[in-house]
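Residue strings, one per chain:
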Amino acid sequence: MIAILWDASHIWGYLLLHAVRSTGIPFRVLKGLDIAQTGLSGKMLIVPGGSARRKANALGAAGARSVRRFVRDGGRYLGFCGGAGLALADGLGLCPWNRDGMTDRLQHLVSGHLVCDVAADNELIPPALAGKAALLPVWWPGRFNEPDENNDVQVLARYRAPGPDLYVADMPFSSMPADILSEWDAMYGVTLRPSLIDGRPCVVSGSFGKGSWLLSYSHLETPTGAFSGSENAGTWLLHLLRRWCGAPSNMSELPTLDFDALPTLWEDAALLEARTSLNELLALAKELGLLFPRNSWLLGWRSGVPGAQFNSLNAALSTALNLSPDDRRLRLWNARRNDFRNAFSLFFQGARSWLLARRLADTLADSAPGMLPRELLVDQRRALFGSPMFGGGLSEQLLDMLEELV
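Residues numbered from 1 in each chain as written. Predicted model: local features only at pLDDT ≥ 70, side-chain atom pairs only at ≥ 80, totals over all residues. Heavy atoms only, no water.

Asker: Describe a nonpolar patch on the surface, listing the residues and the values that go with them.
Answerer: Together, Met187, Tyr188 and Val190 give the surface a local cluster of nonpolar side chains, amounting to about 320 Å² of exposed area. With respect to the helices and strands, Met187 occurs in helix H5 (residues 178-188). For Met187, a relative accessible area of 53% corresponds to the exposed category. (Patch = residues over 30% accessible without salt bridge, like charges linked within 9 Å, V, L, I, M, F, W, Y side chains within 5 Å. Areas by Shrake-Rupley, 256 points an atom, 1.4 Å probe, with all protein chains shown as cover. Salt bridge = Lys/Arg side-chain N within 4 Å of Asp/Glu carboxyl O. Helix = DSSP H or I, 4+ residues; strand = E, 2+ residues; numbered from the N terminus. Buried < 20%, exposed > 50% of the residue type's maximum accessible area, 1.4 Å probe, protein only.)

Asker: Give a detailed account of the environment of Gly304, specifying residues and quantitative values.
Answerer: Relative to the helices and strands, Gly304 resides in the loop between strand S15 (299-301) and helix H8 (307-321). Gly304 sits 77 residues away from Arg381 along the chain, and the two C-alpha atoms are 9.7 Å apart.

Asker: So what's going on with the nonpolar core? Which residues, and what values?
Answerer: Membership of the largest hydrophobic core comes to 131 residues, with the highest contact counts inside it found for Tyr77, Leu215, Trp236, Phe340 and Phe347. Those residues within four positions of Phe347 in sequence are excluded, and the remaining contacts are Leu281, Phe310, Leu313, Leu384, Phe385, Leu394, Ser395 and Leu398. (Core = buried A, V, L, I, M, F, W, Y, C linked by side-chain atoms within 4.5 Å. Contact = heavy atoms within 4.5 Å.)

Asker: Go over the packing of helix H10 (residues 374-385) against helix H11 (residues 393-405), please, and point to the residues and values.
Answerer: Direction vectors running N to C along H10 and H11 enclose 10°, while the axes themselves pass 2 Å from each other. Judged on the interaxial angle alone, H11 and H10 are roughly parallel. Residues Arg382, Ala383, Leu384 and Phe385 of H10 pack against Gly393, Leu394 and Ser395 of H11. Here the residues of the contact of H10 with H11 sort into four nonpolar, two polar and one charged. (Axes fitted to C-alpha atoms, helices over the stretch in contact; angles between N-to-C directions. Parallel < 35°, antiparallel > 145°, perpendicular 65-115°, else oblique. Nonpolar A, V, L, I, M, F, W, Y, C, P; charged D, E, K, R; others polar.)

Asker: Pulling in residues and values, what's your account of the pairing of strand S1 (residues 2-5)?
Answerer: Along S1, one buried face is formed by Ile2 and Ile4 and the opposite face, lined by Ala3 and Leu5, is buried too. Pairing geometry for S1 and strand S2 (residues 27-30), over four bridges, is parallel. Along S2, the bridge assignment pairs Ile4 with Val29. For the handedness criterion, the β-α-β arrangement of S1, helix H1 (residues 11-23) and S2 is classed as right-handed. (Pairing = 2+ DSSP bridges. Right-handed = clockwise from strand over helix to strand, strands pointing away.)

Asker: Could you give an account of the pattern of salt bridges, with specific residues and numbers?
Answerer: Under the definition given, this model contains 13 salt bridges. The closest approach of N and O atoms between Arg358 and Asp362, which form a salt bridge, is 3.2 Å. One end of the pair, Arg358, and the other, Asp362, are both in helix H9 (residues 327-367), four residues apart, so they sit about a helical turn from each other. On the basis of relative accessible area, Arg358 is assigned to the buried category, the value being 7%. Residue class for Asp362 comes out buried when judged on its relative accessible area of 18%. One salt-bridge network, held together by shared partners, links Asp170, Arg302, Arg358 and Asp362.

Structure below.
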């Protein structure tokens with residue numbers, strides 16, 4: 001049995017659900033409060049990406065004690081990105097390392113694939129990748145603060161070079177020649193070359209009591225087909241699930257994922273209305289050049305556009321419509337349907353206005369600067385989408401209602 005911590009995961013939780021479901025391994029989706037109240041059982045806890053701070057708040061002191069007890073007694077902990085950050089010394093304390101801060105925001109806004117050097121001699125590394133260079137996906141990763149003494153932490157992979165599809169913010173790294181990058185650094189003090197690629201750790205592992213943990217700032221749950229190279233991530237995740245949970249040995253890669261292609265199993269009027277409205281917003285944002293396709297499950301976005309929230313809403317709505325409307329879900333939704341419908345109507349009107357205003361602000365930036373104050377756009381964005389890092393706003397309320405169904 002696998003337990004999945006659901007709080008503050010958003011789209012990353014849906015990617016992990018897709019991966020785990022495909023293996024047929026029994027699993028439970030838990031909130032931090034569940035873990036705090038009833039503890040953990042089974043073989044493994046997986047914590048998807050998202051905000052480590054919000055996950056810690058959801059667990060609280062009692063939930064954190066339950067997770068530590070579970071691993072100390074022989075359980076396995078697998079954390080991706082925010083789930084990796086949660087397990088560090090200033091969080092759950094499973095790993096003695098800390099998270100390294102970033103003074104340059106651009107160094108965090110890295111997404112796509114990086115070439116990584118994989119270690120050769122660890123049972124948690126799939127034989128197909130051991131001792132080789134692998135393309136591993138990162139989506140706005142944090143960084144491990146590697147001390148001079150590694151405290152029995154084993155580094156399983158290190159970043160080495162940009163992959164062919166790497167983006168820095170909304171700019172494809174491959175489109176920027178080395179001489180231009182050097183010129184920008186000299187003239188403007190802007191460094192777009194990701195510091196991650198200078199040999200920093202990407203995947204680390206260790207033990208805690210009788211149990212084990214593996215932390216990865218690469219999203220190993222990334223579906224196959226997202227880009228050329230995502231199959232390396234799936235190979236690694238399936239290897240871990242085989243080692244720790246008995247995943248089927250005949251699976252060689254994770255299946256592809258397209259949220260928009262998921263079949264509708266729940267013909268609920270409020271969910272279908274929201275799906276239509278969200279499709280209209282996404283089409284408008286793409287027409288305005290504020291969103292653009294990255295792959296089958298992710299839209300890219302112009303810097304400053306709340307693309308993460310749009311992606312999470314798309315994943316949540318598509319998944320909700322793909323659920324079987326059993327009695328428990330129907331009882332929950334009957335109590336929430338009107339609140340959701342009213343909130344989504346407000347969100348649609350506000351988001352449509354904000355997208356158009358943002359595009360107008362871009363148009364006026366040179367010809368009539370100050371005509372549309374950026375402060376007004378920031379305030380509207382905060383009310384609709386909250387903080388880019390920590391969520392909030394009307395979109396968070398909608399996501400909470402949808403995610404409770406899952």
